[in-house]
Amino acid sequence: MITVTNRIQVKKGMGLKMAPAFTKNQGLLEFDGFEKVEVNVSTQHEDYDEMQVMMYWNSKEEFEVWRNSDDFKNAHKRDGGDGGESPVIKSELIIAEVAAVLTK
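Procedures and definitions
Residues numbered from 1 in each chain as written. Predicted model: local features only at pLDDT ≥ 70, side-chain atom pairs only at ≥ 80, totals over all residues. Heavy atoms only, no water. Phe/Tyr/Trp six-rings, centres within 6.5 Å; stacked < 30°, edge-to-face > 60°. Helix = DSSP H or I, 4+ residues; strand = E, 2+ residues; numbered from the N terminus. Buried < 20%, exposed > 50% of the residue type's maximum accessible area, 1.4 Å probe, protein only. Polar contact = N/O pair within 3.5 Å; in protein donor to acceptor, adjacent residues only side chain to side chain.

**Details of the packing of aromatic side chains**
In this structure the tally under the stated criterion is 5 aromatic pairs. Ring plane angle 70° and centroid distance 5.4 Å describe the contact between F34 and W57, whose orientation is recorded as edge-to-face. In this pair, F34 sits in strand β2 (residues 34–42) while W57 sits in strand β3 (residues 48–57), placing the two residues 23 residues apart along the sequence. For the pair W57 and F63, a centre-to-centre distance of 6.0 Å together with 65° between the ring planes defines the contact as edge-to-face. Classification of W57 by relative accessible area gives buried; the value is 0%. A residue is classified by how much of its surface remains accessible, and F63, at 2% relative accessible area, is buried.

Structure below.
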């Protein structure tokens, strides 16, 4: 199993507003290997909020199928409806193997 984490810095006050958008894509549920997505928002920084959008996939290959899909492209389009600038300051994608787990 792998995790794919998008660590995103956004303008202060925008993290909690943006978080629900990352769980609206019901199309993810149709992709082989997709397990779940979690969105964590940290408001501890003075100048920005940090979002961690963590996806769980059975394999990197299955993640890549989704990443190359039309569903992915549609989910990442900016509609530009408000004409404003993006609240995103910077982002970093981290792909990691799940090496150990403890659950109750």
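Moving on from the model shown.
**Comments concerning the side chain of S69**
In this structure, S69 sits in the loop between α2 (60–67) and α3 (70–75). Within the local environment of S69, its side chain forms a polar contact with the backbone oxygen of W66, the two atoms lying 2.6 Å apart.

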